[in-house]
Amino acid sequence: MEIKVEKREQWTRKREYILAAAGNVVGLGNVWRFPYLCYKNGGGAFLVPYCFFALLCGVPLYLMETAIGTGYSYIVIQLYSRVYTIILAWALLYLIYCFRDPLPWATCNNPWNTDRCVDLSSLNSTQTYRGNQSVNWTSGNLTKSSVSEFWERGVLSMSGGIEELGGVQWELLLCLLAVWVVCYFCVWKGVRSTGKVVYFTAVFPYVMLAILMVRGLTLPGAWQGVVYYLYPDPSRLVDLQVWMEACAQVLFSYGVASGTHITMSSYNKVTNNCYRDSVWLCVLNSCTSLVSGFAVFSCLGFMAEKQGIPIEKVVTSGPGLAFIAFPQAVAMMPVPQLWAACFFIMLILLGLDTVFAGLETLTSSMIDMFPGQMRRPWRREILLVVFSSFIFLLQITLTTQGGVYQFELIDYYGANGICVLFVSLVQCVAVGWAFGAERIRDALEDMTGQRPGVFYTVCWRYVTPLICTVCFIGFFLDFQPLKTSDGSVYPNWANNLGWAIAMSSVVTIPICAVSKFYFTEGSFRQRLLVLWRPVSDVVGPKTKEERSLNETEMKLLSAPFPDML
């Protein structure tokens, strides 16, 4: 009996790809991670290196990855990136609480509140109320806002550190399960289902972000936050750590070295103008980060004015910053339940788009490596449900009282920083030198009809790999052990575990290189020549006069994981 093998999918319409790609690059890295890194690194001082790295690293790498991709380290990084699913669970729990009146984070009358709780929604800037008692909260002994206490004590019930795992927060566990169920049914049919979902998930967040920014800028004290956000502190610009984290943020928010861009692009037609798409998507990414910064820092300025303290003392920087600043803003709006629900729906949708792309990268890589076995009816669905169930079971520990510390550990070491820098460096060398920067420009011109400028050749061959090398070395020279939001250093065993997590994606490259060298026949020199030679030398034209790519070579360039090294 003949078994039907399905063909590789394609986007039904070009706009589905654009929306999916926009949803991928504009996600949690913009609304959640960018503001808290800005706040941590001095506001405007962070924007200078961010713009520098966005132009010289983000854009060239993004274009490169929409045209050609490399191997297995992508998969490892994507596995660690699944940790960001817990952010959707946090947002979903907040969304459930949105239907209470009053909002639980807007008052200090809840079981989790302490005597240090501050009700920022009070109209009196020097007084607040706990029960029927009026207290002065600018005296210095009351320093926790009701929003901060809700986040730390109501949602997370944070333990004393990563070594204290604590019990499972059952509300969070159920929210995490619900998130994985939704993610599964949104991507289980591949781009056929994802392409329909993104019409809503990619557009609605922009509407809400614009509304929240306007509301934030109209709050009293918002200008103080905007000045802190835009004005760079010259003393912070000489801090190597600020530049290191700016580079890491660009690579993280642009989604490079994660395999998502080549996966999304591989479902396009060969002649799709990926050059034009890449430039506009990069502009959209950075603009969204800047807009979200205005929304967050205007709220921080408001909170600083209400508390009568400097803006850098308002909240502790960390992954929960977006769960503190934005909720406070919506609590000040008319009908706060409505706006709070809209905000957290926006955050969930932003995260879902990113999760879609990551899951699609992991599943498509398996399917493309074993097409004969996996492109059969229901094989994709079975693979996806097994994988999703396995990751969900692993993430149960993230719902414990010490789960947020585990999250910070994986976020700091596993899905950005040294591993992304190293992979970016290797692929620049592979494409810029082994494959050839001029060759990839030729290929892009033949596919799109538009030749990228010399700027990209210079970046792919010299500037971007140099920056990645400097930052990679600087990461070791100015290494800062991971700290909690209150400034406590993680124990040595936790940082050592983090290094093991970071190196696990890095070592795949030398392991694959050594194994390919070992199994290739010939002398030492012959093996080097064979492995260094681009695949297109075998299947495509070899002279400049014959630059027109045949269908085989163009499909090879569009495949998610071509065998380049």
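Analysis parameters
Once a new chain begins, its residue numbering starts again from 1 and follows that chain's sequence as written. At least 70 in pLDDT is required for a residue's local features to be given in this predicted model, at least 80 for side-chain atom pairs to be given and counted, and no such filter applies to totals for whole chains, interfaces and linings, which use all residues. Note that the side-chain values use all heavy atoms of the structure and ignore hydrogens as well as water. What makes a nonpolar core is a set of buried Ala, Val, Leu, Ile, Met, Phe, Trp, Tyr and Cys residues whose side-chain atoms join them at distances within 4.5 Å. Only protein chains enter the area calculation, which uses a 1.4 Å probe; residues under 20% of their type maximum are buried, those over 50% are exposed, and those in between are partly exposed. Contacts were defined at the residue level, with two residues in contact if any of their heavy atoms lie within 4.5 Å. Only Phe, Tyr and Trp rings take part, Trp by its six-membered ring, and two of them pair if their centres are within 6.5 Å. Stacked means planes under 30 degrees apart, edge-to-face means over 60, and tilted covers everything else. Helix numbering and strand numbering both begin at the N terminus, where a helix is a DSSP run of H or I of at least 4 residues and a strand a DSSP run of E of at least 2. Consider the ring centre and the ring normal. A charge sits over the ring if Lys NZ or Arg CZ is within 6 Å of that centre and within 35 degrees of that normal. The definition of a polar contact used here is a pair of N or O atoms within 3.5 Å, where within protein one atom must be able to donate a hydrogen and the other to accept one, and adjacent residues in sequence count solely through side-chain atom pairs. For salt bridges, the criterion is a side-chain nitrogen of Lys or Arg within 4 Å of an Asp or Glu carboxyl oxygen. Helices are assigned an expected span. That span is 1.5 Å times one less than the residue count. The term bend refers to the angle at a residue between two fitted axes, each drawn through seven residues, those ending there and those starting there. Two cysteine sulfurs form a disulfide in these notes if their separation is within 2.5 Å. The quantity known as pLDDT measures the predictor's confidence residue by residue, on a range of 0 to 100. Surface patches are defined over residues having more than 30% relative accessible area and no salt bridge, joining like charges when they lie within 9 Å and nonpolar side chains (Val, Leu, Ile, Met, Phe, Trp, Tyr) when within 5 Å. For the accessible areas, the method is Shrake-Rupley and the probe is 1.4 Å, while residue cover comes only from the protein chains on display. UniProt positions are given in the numbering used here, feature names are shortened, and annotations may be inferred rather than shown by experiment.

**A closer look at the nonpolar core**
In terms of nonpolar packing, the biggest core is built from 171 residues, with Trp 90, Trp 105 and Phe 344 touching the most fellow members. Residues in contact with Phe 344, not counting those within four places in the same chain, are Ala 91, Tyr 94, Leu 95, Cys 98, Trp 105, Phe 323 and Pro 327.

**Some remarks on the packing of aromatic side chains**
Scanning all chains against the criterion turns up 52 aromatic pairs. Geometrically, the ring pair formed by Tyr 97 and Phe 150 is edge-to-face, given 5.2 Å between the ring centres and 85° between the ring planes. Remark: Phe 150 occurs in helix H6 (residues 146-155) and Tyr 97 occurs in helix H5 (residues 85-97); sequence separation between them is 53 residues. For the pair Tyr 97 and Phe 150, one class covers both residues: buried. When the ring centre of Phe 435 is taken as reference, the NZ or CZ atom of Arg 439 above it lies at 5.6 Å.

**Remarks on the side chain of Gln 249**
Within the secondary structure, Gln 249 sits in helix H12 (residues 240-253). A residue is classified by how much of its surface remains accessible, and Gln 249, at 0% relative accessible area, is buried. Polar contacts involving the side chain of Gln 249 include one to the side chain of Arg 33, which spans 2.7 Å.

**Remarks on the pattern of salt bridges**
The final tally for this structure, using the stated rule, is eleven salt bridges. For Glu 438, the salt bridge identified is with Arg 441, shortest N-O distance 2.9 Å. With Glu 438 and Arg 441 both in helix H20 (residues 418-448) and three residues apart, this pair spans about one turn of that helix. Residue Glu 438 is classed as partly exposed on the basis of its relative accessible area of 38%. By relative accessible area, Arg 441 is classed as buried at 7%. A salt bridge links Glu 445 to Arg 451; the shortest N-O distance between them is 3.0 Å. By sharing partners, the salt bridges in this structure join Glu 438, Arg 441, Asp 442, Glu 445 and Arg 451 into a single network.

**Details of unusual backbone geometry**
For the peptide bond that leads from Asp 101 to Pro 102, omega is 5°, which places it in the cis range. Its location among the elements puts Pro 102 in the loop between H5 and strand E1 (117-118). With a phi close to 50°, Ser 157 is a non-glycine residue in the positive phi region. Despite not being glycine, Ala 257 shows a phi value in the positive range, around 60°. Residue classification places Ala 257 among the buried residues on the basis of a relative accessible area of 0%.

**Considerations on helix H3 (residues 44-67)**
The end-to-end C-alpha separation of H3 is 34 Å, in line with the 34 Å expected for 24 residues at 1.5 Å each. Where H3 bends most, at Ala 54, the angle is about 45°. Most of H3 is tucked away, with 20 of its 24 residues classed as buried.

**Re the state of the cysteines**
Applying the stated rule across the entire model yields one disulfide. Counting only cysteine sulfurs, Cys 57 is the nearest neighbor of Cys 459, a cysteine outside any disulfide, at a range of 7.9 Å.

**Overview of the confidence of the model for the chain**
Interpretation of the predicted coordinates at a detailed level should be avoided for regions scoring low in pLDDT. The share of residues in the chain with pLDDT of 70 or more is 87%, and the mean pLDDT across the chain is 83. Here residues 538-565 is modelled with pLDDT under 50, and outside its nearest four sequence neighbours on either side it reaches 66 contacts, counting other chains as well.

**Brief notes about the environment of Gln 427**
Within the fold, Gln 427 resides in helix H20. In sequence terms Gln 427 and Glu 65 are 362 residues apart; their C-alpha atoms lie 9.1 Å from each other.

**Quick notes on a nonpolar patch on the surface**
A cluster of nonpolar residues, Val 429, Trp 433, Val 454, Val 458, Tyr 462 and Trp 532, forms a patch on the protein surface that exposes about 580 Å² of accessible area. When residues of the nonpolar patch are traced back to their parent elements, those giving at least two are H20 and helix H21 (454-477). The element that contributes the greatest number of residues to the nonpolar patch is H21, accounting for three residues. Relative to the assigned elements, Trp 433 resides in helix H20. Judged by relative accessible area, Trp 433 falls into the partly exposed class, the value being 39%.

**Thoughts on the UniProt feature "binding site: Na(+)" (unreviewed entry) in the chain**
The positions UniProt marks with the feature "binding site: Na(+)" (unreviewed entry) are Gly 23, Val 26, Asn 30, Ser 253, Asn 285, Leu 350 and Asp 353. What stands out for the annotated residues spanning 331 residues is how close their C-alpha atoms remain, the widest pair being 13.6 Å apart. Positionally, Val 26 belongs in the loop between helix H1 (14-25) and helix H2 (28-40). Those residues in contact with Val 26 that sit more than four places away from it in its chain are Tyr 206, Leu 284, Asn 285, Thr 288 and Leu 350. If you trace the backbone, Asn 285 turns up in helix H14 (residues 274-307). Since its relative accessible area comes to 1%, Asn 285 is described here as buried. Those residues in contact with Asn 285 that sit more than four places away from it in its chain are Val 25, Val 26, Asn 30, Tyr 50, Ser 253 and Tyr 254. In terms of polar contacts, Asn 285 uses its side chain to reach the backbone carbonyl oxygen of Val 25, at 2.6 Å.

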